[in-house]
Amino acid sequence: ECGKRIDLLLVKGTDNVLVDAAGGTQKAALYCDGHMEIDEGGSLTVTGNTRHAIATNEYLRLKPGTGRITIPSATGDGIHAGQYFLMNDGTIEARNLGGDGIQAEITKNPLDEMNGQLFINGGSITLDIASPDVKGIKCDGDMQITGGTFAITASGAGSKGISCPGNMLINQANNPTDITITASGGIYTDPVTEETSRCMGIKVDFDLTIEAGTVTVYNTGLGSRGIKVDGKYTKGAAAVVKASVKN
């Protein structure tokens with residue numbers, strides 16, 4: 001609660017488990033009011049029974065050599081980072097979520113560094129997104145993926161495998177990039193506004209640039225879409241895209 005940087009060390013060879021109680025006022029089972037950096041090669045399993053599993057009020061970084069983070073379930077998001085989320089290495093697995101898989105939320109101060117952005121430079125992410133109208137990976141700003149292996153299943157009505165309201169860049173400048181998304185959900189209807197939302201593999205509100213790497217989207221749900229880009233879509237010669245793209 002001090003609002004400062006916290007180093008969370010997952011000591012190699014250790015298995016660490018955190019579970020909170022339901023019905024509390026806490027924001028997450030593991031919460032940091034400041035910014036948190038996760039390091040070392042042990043494992044961490046976190047279950048969020050009240051809200052999120054892991055949350056920070058400022059940025060969250062996974063350093064090179066980070067081990068495995070498993071989220072068996074959470075009432076809210078699996079990982080919720082204020083300011084920005086940066087993953088350099090490690091393994092993240094999350095399922096049975098009421099909210100998003102990984103979210104980077106903009107802070108109240110628009111001048112904060114890299115505010116609302118999300119960066120993934122390597123590691124492995126496996127997400128099972130089954131709730132309606134939620135996202136596997138979501139940010140409030142731009143998104144960059146420059147390495148890593150992704151396996152995302154979006155089976156909830158109106159769910160999105162990856163959602164970016166800004167510009168999105170995919171390449172493999174840091175590590176090989178292999179993104180596989182299955183969009184098997186149907187169409188979601190908001191009970192209040194009656195607006196509808198389709199299940200999609202990737203949705204980008206501005207420009208999507210795929211310079212290198214492999215991106216595969218299976219949109220099998222009724223009315224689902226592969227990739228939707230509202231801005232400019234650019235595909236480089238070193239990129240392999242196996243998906244239907246609506247631009």
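Residues numbered from 1 in each chain as written. Predicted model: local features only at pLDDT ≥ 70, side-chain atom pairs only at ≥ 80, totals over all residues. Heavy atoms only, no water.

Colleague: Could you clarify how one ought to interpret the overall build of the chain in this entry?
Modeller: Broken down by element type, the chain carries 0 helices and 27 strands. Over its C-alpha atoms the chain spans a radius of gyration of 17 Å, differing by no more than 12% from the 18 Å that the globule rule assigns to 247 residues. Along the first, second and third principal axes, the C-alpha set of the chain runs to 45 × 45 × 35 Å. Pairs at least 24 apart in sequence give 74% of the contacts found in the chain among residues at least 6 apart. With the model as given, the accessible surface of the chain reaches about 10,600 Å², and the carbon-plus-sulfur share is 48%. Counting 21 positive and 28 negative side-chain charges, the chain places the averaged centre of each group 5 Å from the other. (Helix = DSSP H or I, 4+ residues; strand = E, 2+ residues; numbered from the N terminus. Rg over C-alpha atoms; globule rule 2.2 N^0.38 Å. Contact = heavy atoms within 4.5 Å. Areas by Shrake-Rupley, 256 points an atom, 1.4 Å probe, with all protein chains shown as cover. Lys, Arg positive; Asp, Glu negative; His and termini not counted. Charge placed at Lys NZ, Arg CZ, Asp CG, Glu CD.)

Colleague: Can you walk me through the pattern of salt bridges in this structure?
Modeller: Close approach of charged atoms lets side chains of opposite charge pair. Taken as a whole and judged by the stated rule, the model has 7 salt bridges. Note that D7 is salt-bridged to R5, the shortest N-O span being 3.7 Å. Put simply, K228 and D230 hold a salt bridge, and the shortest N to O gap is 2.5 Å. The class for K228 is buried, based on a relative accessible area of 17%. On the accessibility criterion, D230 (43% relative accessible area) is partly exposed. (Salt bridge = Lys/Arg side-chain N within 4 Å of Asp/Glu carboxyl O. Buried < 20%, exposed > 50% of the residue type's maximum accessible area, 1.4 Å probe, protein only.)

Colleague: Please clarify how the environment of A94 should be interpreted in this entry.
Modeller: Tracing the backbone through its elements, the reader meets A94 in strand β11 (residues 91-94). Spatially, the C-alpha atom of A94 lies 25 Å from that of L222, the residues being 128 residues apart in sequence. Discounting residues that sit within four places of it in the chain, A94 has contacts with I71, T126, L127 and D128.

Colleague: Quick question: what am I supposed to make of the layout of surface pockets here?
Modeller: Any empty space left between atoms is shown by rolling a water-sized probe over those atoms. The space that makes up the largest pocket amounts to roughly 290 Å³. Lining the largest pocket are 13 residues; nearest its centre among them are K27, T56, N57, H80 and E105. Of all elements in the fold, only β6 (52-56) and β9 (79-82) reach the threshold of two or more residues within the lining of the largest pocket. When residues in the lining of the largest pocket are grouped by element, the largest group, 3 residues, is from β6. (1 Å grid on protein atoms, 1.4 Å probe; cavity = no way out; pocket = protein on both sides within 12 Å on 5 of 7 lines; lining within 4 Å. Points joined across faces, edges and corners; volume = space filled by probe spheres on them.)

Colleague: What should I look at first to understand unusual backbone geometry in this one?
Modeller: Negative phi values dominate among residues other than glycine, just as trans dominates among peptide bonds. The residue E40 is not glycine, and still its phi comes out positive at about 75 degrees. Examined against the element boundaries, E40 turns out to sit in the loop between β4 (35-39) and β5 (43-47). The phi torsion at N96 lies on the positive side, around 55 degrees, for a residue other than glycine. Relative to the elements of secondary structure, N96 occurs in the loop between β11 and β12 (102-105).

Colleague: Sorry, what's going on with the packing of aromatic side chains here?
Modeller: When we look at a pair of aromatic rings, we describe it by the centre distance and by the angle of the planes. With the rule as written, the count across this model stands at 2 aromatic pairs. Judged by centre distance (4.9 Å) and plane angle (20 degrees), the ring pair of Y59 and Y84 falls under stacked. With Y59 in the loop between β6 and β7 (60-62) and Y84 in strand β10 (residues 84-87), this pair connects stretches of sequence that are 25 residues apart. With relative accessibility at 10%, the residue Y59 sits in the buried group. Accessibility expressed as a relative area gives 0% for Y84, which makes it buried. Between Y84 and F119 the ring centres are 6.3 Å apart and the planes differ by 85 degrees, which places this aromatic pair in the edge-to-face class. Remark: F119 occurs in strand β13 (residues 117-120) and Y84 occurs in strand β10; sequence separation between them is 35 residues. Put simply, the rings of Y59, Y84 and F119 touch in pairs and so form one group of aromatic residues. (Phe/Tyr/Trp six-rings, centres within 6.5 Å; stacked < 30°, edge-to-face > 60°.)

Colleague: Explain the sheet that holds β12 here, please?
Modeller: Neighbouring strands of a sheet are bound in pairs by backbone hydrogen bonds; such pairs are parallel or else antiparallel. Strands sit in the order β3-β6-β9-β12-β15-β18-β23-β25-β27 across an open sheet of 9 strands; the sheet is parallel. At either end of the open sheet lies a strand with only one pairing partner, and these are β3 (28-32) and β27 (245-246). The sheet contact formed by strand β23 (residues 200-204) and strand β25 (residues 225-229) spans 4 bridges and is parallel. In the sheet register, K203 faces β25, and the bridge partner there is K228. (Pairing = 2+ DSSP bridges.)

Colleague: It is not clear to me how the side chain of S163 should be interpreted in this structure. Could you clarify?
Modeller: Examined against the element boundaries, S163 turns out to sit in strand β18 (residues 160-164). On the accessibility criterion, S163 (12% relative accessible area) is buried. Not counting residues within four places of it along the chain, the set of residues in contact with S163 comprises K135, I137, K138, C139, M143 and K203.

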